[in-house]
Amino acid sequence: MTPLRRVSGYFARREDPYAGGDLANAQRLSTLLWGLLVLLTLVLLSISGPEEPSEAAGWAIAGALVALGVVLVILSRRRRISSWGRLLATGYAVALGIGVMQWVAGGIEEPFSQLLLVPVVFVVATQPPRRIAAFMLFVLAVLMAPLLYDGWDSDYFGASLASFVIWSILAVGANLLMSGVRAQRITLTADQAEARHQARVDSLTDLHNRRAYDEILAGEVDRARRLRLSLSVAMVDIENFKEINDRWGYAEGDRTLREVGDTLRASLREPDLCFRWGGDEFALILSGTPADETDPVAERLRAEVAKRCRRPDDSPVHIRFAAAQLRDGMSSEELTEIAGLAMTALKLDAR
């Protein structure tokens, strides 16, 4: 890749320029840096601040900057009004405030322009490259502003330009480092999400497993109680599944499980969920369906499985279906246990 392509790629527009960023850490950094800014401002005012009573306006603006720093520290800790865009706006506001304070305090003769390093550090650490480039141009304008109202000064121009070049080099280096940290955070988050997904998915049928069932059912029980909805759990197993494994081998048994799992999932309504329970059993969460109204669901599932799923001898696969309904005071574990007992009763009857 050519250097030009690398540069254009670095400044390319991204769909989510803040991907991988940590807003909470950015808020903590703002608290630290704006607190430092207030402290440095007070020190410089005590050394180089206006001395004449006629310059009371300068003192007022300088005090307003200090007050702004305190307010920003407070506001940056509140989630409702904090965002990446507002943090960037804070950087612009503080840079402009520093430029105004330098103007009222004496212009070229005062050292307040060096305070610009504080918002530069903050913006570089929290913002993407395109926004940093625009901010650095704004900082350059603030640095050079005293040349407009105090007249040309080659020494000030050289010193300010040197400071800007150094800050820009540090900005690129620091942002490359932060971009690497964000990329690592994105990769780690994706890996963790994939691990959570794999831990809750049955590798054979690609259905959610028993762990996912326990977690989702607990949430569905809470929702059903809150909204006063009916909720049923059904257990489904494959009739004579052991015979398939014994006569035709485990590969055929696995194929049958996958076919039945796919059929059950495709045959359920949108709100209902299907899980691999274990062995030849599946668990269904039927939201909004009382147990005494699950017969149409059972008949539809039996018909679809018999139609789509075949045993190795080309005979249809048949399933059993048993359901239990959530009652007052019943936990998700008790609901599952009752559905399991209902399935056990069906198996005993069949024998």
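Residues numbered from 1 in each chain as written. Predicted model: local features only at pLDDT ≥ 70, side-chain atom pairs only at ≥ 80, totals over all residues. Heavy atoms only, no water.

### Thoughts on the overall build of the protein
For the record, the criterion: The helix count covers DSSP runs of H or I at least four residues long, the strand count covers runs of E at least two residues long, and both are numbered beginning at the N terminus. Under the scheme applied here, a residue whose accessible area is under 20% of the maximum for its type counts as buried, over 50% as exposed, and between as partly exposed, the area being computed with a 1.4 Å probe on protein chains only. Accessible areas in this description were obtained via Shrake-Rupley with a 1.4 Å probe; residue shielding takes into account the shown protein chains only.
What the protein contains, in helices and strands, is 13 helices and 4 strands. Looking at the protein as a whole, 40% of its 351 residues are labelled buried. Total accessible area on the protein stands at roughly 19,300 Å², and carbon and sulfur atoms take up 58% of it.

### Points about the pattern of salt bridges
Which entries qualify depends on this criterion: Basic side-chain nitrogens of Lys or Arg form a salt bridge, by our definition, when they fall within 4 Å of a carboxyl oxygen of Asp or Glu.
Counting across every chain of the model gives 17 salt bridges. The partner of glutamate 243 in a salt bridge is arginine 311, with the nearest N and O atoms 3.0 Å apart. With glutamate 243 in helix H10 (residues 241–248) and arginine 311 in the loop between helix H12 (295–308) and strand S4 (319–325), this residue pair connects regions lying 68 residues apart in the sequence. Under the relative-accessibility criterion, glutamate 243 is labelled partly exposed at 30%. Residue arginine 311 is classed as buried on the basis of its relative accessible area of 11%. Several salt bridges converge on common partners, so that one network encompasses Asp237, Glu281, Arg320 and Lys347.

### Observations concerning the confidence of the model for the protein
Low pLDDT means the predicted atomic positions in that stretch should not be read closely. Filter applied, for reference: Confidence per residue, as judged by the predictor, is encoded in pLDDT with a range of 0 to 100.
For the protein, per-residue confidence averages 84 on the pLDDT scale, and residues scoring 70 or more make up 85% of the total. Mean pLDDT values for the elements of the protein range from 57 in helix H1 (residues 3–10) up to 96 in strand S1 (residues 231–238).

### A closer look at a nonpolar patch on the surface
Using the following cut-off: Each patch is built from residues lacking any salt bridge and having more than 30% relative accessible area; the joining distance is 9 Å for like charges and 5 Å for nonpolar side chains (Val, Leu, Ile, Met, Phe, Trp, Tyr).
Taken together, the side chains of Leu36, Leu39, Leu40, Val43 and Ile47 make up a nonpolar region of the molecular surface, amounting to roughly 430 Å² of accessible area. Within the secondary structure layout, isoleucine 47 lies in helix H2 (residues 23–48).

### Thoughts on the sheet that holds strand S2 (residues 273–278)
Applicable threshold: Following DSSP output, two strands are said to pair if at least two bridges run between them. Fitting a line to C-alpha atoms yields each axis, with helices limited to the stretch in contact; the angle taken between N-to-C directions then spans 0 to 180 degrees.
Strand order in the open sheet formed by 4 strands is S2-S3-S1-S4, with antiparallel pairing between adjacent strands. Looking at which strands have only one partner, the edges of the open sheet turn out to be S2 and S4. Direction aside, the axes of adjacent strands within the sheet are offset by 25° on average.

### A closer look at the packing of helix H5 (residues 117–126) against helix H6 (residues 129–144)
Note the following rule: Orientation categories follow fixed angle ranges, with anything under 35 degrees roughly parallel, anything over 145 roughly antiparallel, 65 to 115 roughly perpendicular, and all other angles oblique. Every residue pair with non-hydrogen atoms within 4.5 Å of one another is taken to be in contact. In this classification, Asp, Glu, Lys and Arg are treated as charged, Ala, Val, Leu, Ile, Met, Phe, Trp, Tyr, Cys and Pro as nonpolar, and every other residue, Gly included, as polar.
With their axes 10 Å apart at the nearest point, H5 and H6 run at an angle of 170° to one another. The pairing of H5 with H6 is recorded here as roughly antiparallel in orientation. Two secondary-structure elements touch here, H5 through Pro119, Val120, Val123 and Val124 and H6 through Ile132, Phe135, Met136 and Val139. The residue inventory of the contact of H5 with H6, partitioned by class, reads 8 nonpolar, no polar and no charged.

### What to know about the pairing of S4
On a regular strand, one side chain projects to one face of the sheet and the next to the other, so that they alternate. Of all 7 residues that make up S4, 6 are buried, and the element is covered over most of its length. For S1 and S4, the ladder comprises 7 bridges, and the chain directions are antiparallel. Along S4, the bridge assignment pairs valine 233 with alanine 324.

### Regarding helix H8 (residues 154–199)
To be explicit about the condition: Expected span of a helix, by definition, is 1.5 Å for each gap between consecutive residues, and there is one gap fewer than residues. Polar contacts, as used here, are pairs of N or O atoms within 3.5 Å; protein pairs need one atom able to donate a hydrogen and one able to accept it. Residues neighboring in sequence count only if both atoms are side-chain atoms.
Here H8 spans 66 Å end to end across 46 residues, near enough to the 68 Å set by a 1.5 Å rise per residue. If you check which residues of H8 are buried, you get Tyr156, Ser160, Ser163, Phe164, Trp167, Ala171, Asn175 and Arg182. Sitting at the head of H8, aspartate 153 places a side-chain oxygen 3.0 Å from the backbone nitrogen of aspartate 155.

### Remarks on the environment of alanine 323
Along the chain, alanine 323 turns up in strand S4. A relative accessible area of 25% places alanine 323 in the partly exposed class. Sequence separation between alanine 323 and threonine 336 is 13 residues, and the spatial gap between their C-alpha atoms is 9.4 Å. In this structure, alanine 323 is in contact with Val233, Ala234, Thr294 and Ala342, ignoring residues within four places of it in sequence.

### Things to note about the packing of aromatic side chains
Cut-off, in case you're wondering: Here a Phe, Tyr or Trp ring, Trp counted by its six-membered ring, pairs with any other such ring whose centre lies within 6.5 Å, and the pair is stacked when the planes are under 30 degrees apart, edge-to-face when over 60, and tilted otherwise.
If you walk through the whole model with that rule in mind, you get 6 aromatic pairs. With a centroid separation of 5.4 Å and 80° between ring planes, the pair formed by tyrosine 213 and phenylalanine 275 is classed as edge-to-face. Of this pair, tyrosine 213 sits in helix H9 (residues 210–227) while phenylalanine 275 sits in strand S2; the two residues are 62 residues apart in sequence, bridging distant segments of the chain. Of the two residues, tyrosine 213 and phenylalanine 275, neither departs from the other in class, the shared state being buried. Residues tyrosine 213 and tryptophan 277 carry aromatic rings whose centres are separated by 5.1 Å and whose planes lie at 85° to one another, so their mutual orientation is edge-to-face. Of this pair, tyrosine 213 sits in helix H9 while tryptophan 277 sits in strand S2, and the two are 64 residues apart along the sequence. With relative accessibility at 0%, the residue tyrosine 213 sits in the buried group.

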